[in-house]
Amino acid sequence: MKKISLYFFLIILTVTSFSCKEKKGFPKPSNLIEEIQMVDMLCDIHLHEAYANQYRFKKDTVQLESKDLYLSVLEKYGVPDSVFAQSVVFYSSRPKLYDRIYQQVVDRLNILQEENSAQKEVNIQPEE
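Worth saying up front: this structure is predicted, and the values here are computed from it rather than measured.

Peer 1: Which residues make up the overall build of the chain, and what values go with them?
Peer 2: Within the chain, the secondary structure is distributed over 5 helices and 0 strands. The linear arrangement of helices and strands in the chain, starting from the amino end, is α-α-α-α-α. Of the contacts formed within the chain by residues at least 6 apart in sequence, a portion of 77% connects residues at least 24 apart. By element, 58% of the accessible surface of the chain is carried by carbon and sulfur atoms, the whole surface being about 10300 Å².

Peer 1: So what about the side chain of Ser-87? Which residues, and what values?
Peer 2: Here Ser-87 lies in helix 4 (residues 81–92). The residues contacting Ser-87, other than those within four sequence positions of it, are Asn-31, Leu-32, Ile-33 and Met-38.

Peer 1: Summarise the pattern of salt bridges; cite the residues concerned and give the values.
Peer 2: Taken as a whole and assessed by the stated rule, the structure comprises 3 salt bridges. The salt bridge partner of Arg-100 is Glu-35, with a shortest N-O separation of 2.6 Å. One end of the pair, Arg-100, is in helix 5 (residues 95–123); the other, Glu-35, is in helix 2 (residues 35–54), with 65 residues separating them in the sequence. Exposure remark for Arg-100: the relative accessible area of 43% places this residue in the partly exposed category. Accessibility expressed as a relative area gives 24% for Glu-35, which makes it partly exposed. Between Asp-40 and Arg-108 there is a salt bridge, with the nearest N and O atoms lying 2.5 Å from each other. One end of the pair, Asp-40, is in helix 2; the other, Arg-108, is in helix 5, with 68 residues separating them in the sequence.

Criteria and cut-off values
Residues numbered from 1 in each chain as written. Predicted model: local features only at pLDDT ≥ 70, side-chain atom pairs only at ≥ 80, totals over all residues. Heavy atoms only, no water. Helix = DSSP H or I, 4+ residues; strand = E, 2+ residues; numbered from the N terminus. Contact = heavy atoms within 4.5 Å. Areas by Shrake-Rupley, 256 points an atom, 1.4 Å probe, with all protein chains shown as cover. Salt bridge = Lys/Arg side-chain N within 4 Å of Asp/Glu carboxyl O. Buried < 20%, exposed > 50% of the residue type's maximum accessible area, 1.4 Å probe, protein only.

Structure follows, in structure tokens:
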């Protein structure tokens, strides 16, 4: 019961701190990830999650955990987790900017999905 009340307190504290913050958002960190790299990283994270979810219940595949997927993306881009977290907080404190970033992510993932669907259509051939 103490854990539940502790979690509840932390959630309330977090919400309160966000609501008390100035409308300008959080200050820009000195090591902010640039928008285009943030888009690249978020695309990779979502692709990794989709891959893991696709094979989550198959017995012959290695079970992947979300933290491993995130860490592999951070390693790929050479970005420490603290820098990524600060960048996410900064961008998410500016909804219009974060929306623009995520729109680019969605657009890119949609293009990849269309390309994948087109490849599957081309590869289907009737048996003789």
